[in-house]
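Structural overview
So you can see what is in the structure, the chains are spelled out below.
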Amino acid sequence: MNYKDYSDMKRCNGAALFAYGFMNVTLIICYIIEVLKKSRTISYLLIFSLLALVPFFVCLFSYRKDYDTPIVKRCMPVGFWIFYTFIIFTTISPVAYVYAIVVGTVLFCYNDAKLLIRFTGAILLSNVGQVIYTGITHQIASEDLPNIEIRIGSLILFTLYSIASSHVMEANPMHVCRQLKRKRNMQQS
């Protein structure tokens, strides 16, 4: 069977799982290097790996059972959001927030505005929560403020652009259908 002959959901699930798996493997390798450099502990790596891999394998096993399963579409963003929240609350890097943008882009393949709104909204709230937490616990220095502003600003923009783009993507097929219907009606007249 040709990839073009797959159902939309099977193609979306396959693309999402490939990207999700590739990202998880990349991040785990990076954090193994962190352990080797003694920047992270083995126990941290184990928790990190579990949070990365458990939702991925739930999605993968669901996909293997039924390629058209909606479980991947629902489980991947939630599983990643939990993993991502752990990362941003435990990292020392000011740019770890970009992982969410990477995953957010693969969710576009589902052409589902509500999915993107929920995902980007949850990611934005986690980041705002993390900034509030670090502020309350006096972990923000004045030199950190530009990074925080860029981080929150870029996530707000990503959220807004994702919502706008997904609404257009949902409207496009409906518009094409209306045009084809009008054209058919004109030909029949």
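Up top is the structure.
Predicted model only: the values in this text are computed from it and were never measured.

Now for the nonpolar core. Proteins that are soluble and globular tend to have nonpolar side chains buried together. Phe48, Met76, Phe80 and Tyr84 are the most contacted members of the largest nonpolar core, which has 40 residues in total. Only helix H1 (8–36), helix H2 (42–65), helix H3 (71–90), helix H4 (98–107) and helix H5 (113–136) provide two or more residues apiece to this core. Residues contacting phenylalanine 80, with those up to four places away along its chain left out, are Tyr20, Met23, Cys75, Tyr99, Ala100, Val103, Phe119 and Ile123.

Where H2 meets H3, the closest approach of the two axes is 9 Å, and the angle between their N-to-C directions is 175 degrees. In this view, H2 runs roughly antiparallel relative to H3, as classed from their interaxial angle. Contacts between H2 and H3 pair Tyr44, Ile47, Phe48, Leu51, Ala52, Pro55, Val58, Cys59, Ser62 and Tyr63 from the former with Ile71, Val72, Cys75, Met76, Gly79, Ile82, Phe83, Phe86, Ile87 and Thr90 from the latter. Tallied by class, the residues present in the contact of H2 with H3 amount to 17 nonpolar, 3 polar and no charged.

Bringing a nonpolar patch on the surface into the picture now. Nonpolar side chains collect at one region of the surface, where Leu50, Val54, Val58 and Ile71 lie side by side and expose about 340 Å² of accessible area between them. When residues of the nonpolar patch are assigned to their parent elements, the largest contribution, 3 residues, is made by H2. Along the chain, valine 58 falls in helix H2.

Glancing now at the pattern of salt bridges. Pairing between side chains of opposite charge can happen when their charged atoms approach one another. For the structure on display, the rule yields 3 salt bridges. In this structure, glutamate 34 engages lysine 37 in a salt bridge whose closest nitrogen and oxygen atoms are separated by 3.1 Å. The partly exposed category is assigned to glutamate 34, whose relative accessible area is 23%. Under the relative-accessibility criterion, lysine 37 is labelled exposed at 52%. Here lysine 73 and aspartate 112 are joined by a salt bridge, their closest N and O atoms 2.7 Å apart. Residue lysine 73 is located in helix H3, and its partner aspartate 112 is located in the loop between H4 and H5; the two are separated by 39 residues in the primary sequence. Pair check on accessibility: lysine 73 and aspartate 112 agree, each one buried.

Turning our eyes to something else, we now look at the packing of aromatic side chains. In total, this model carries 14 aromatic pairs according to the counting rule given. Linked through ring pairs, Tyr31, Tyr44, Phe48, Phe80, Phe83, Tyr84, Phe86 and Phe119 together constitute an aromatic cluster. The residue whose ring lies beneath arginine 40 is tyrosine 44, and the NZ or CZ to ring-centre distance is 4.2 Å.

Counting across every chain of the model gives 0 disulfides. Sulfur of cysteine 109: no disulfide; nearest cysteine sulfur belongs to cysteine 12 and is 4.0 Å away. The partly exposed category is assigned to cysteine 109, whose relative accessible area is 30%.

Before going further, it helps to examine unusual backbone geometry. Negative phi values dominate among residues other than glycine, just as trans dominates among peptide bonds. Positive phi values are uncommon outside glycine, yet asparagine 111 reaches one of about 55 degrees. Relative to the helices and strands, asparagine 111 is located in the loop between H4 and H5.

Rules used in this analysis
- Residues numbered from 1 in each chain as written.
- Predicted model: local features only at pLDDT ≥ 70, side-chain atom pairs only at ≥ 80, totals over all residues.
- Heavy atoms only, no water.
- Core = buried A, V, L, I, M, F, W, Y, C linked by side-chain atoms within 4.5 Å.
- Buried < 20%, exposed > 50% of the residue type's maximum accessible area, 1.4 Å probe, protein only.
- Helix = DSSP H or I, 4+ residues; strand = E, 2+ residues; numbered from the N terminus.
- Contact = heavy atoms within 4.5 Å.
- Axes fitted to C-alpha atoms, helices over the stretch in contact; angles between N-to-C directions.
- Parallel < 35°, antiparallel > 145°, perpendicular 65-115°, else oblique.
- Nonpolar A, V, L, I, M, F, W, Y, C, P; charged D, E, K, R; others polar.
- Patch = residues over 30% accessible without salt bridge, like charges linked within 9 Å, V, L, I, M, F, W, Y side chains within 5 Å.
- Areas by Shrake-Rupley, 256 points an atom, 1.4 Å probe, with all protein chains shown as cover.
- Salt bridge = Lys/Arg side-chain N within 4 Å of Asp/Glu carboxyl O.
- Phe/Tyr/Trp six-rings, centres within 6.5 Å; stacked < 30°, edge-to-face > 60°.
- Lys NZ or Arg CZ within 6 Å of the ring centre and 35° of its normal.
- Disulfide = S-S within 2.5 Å.

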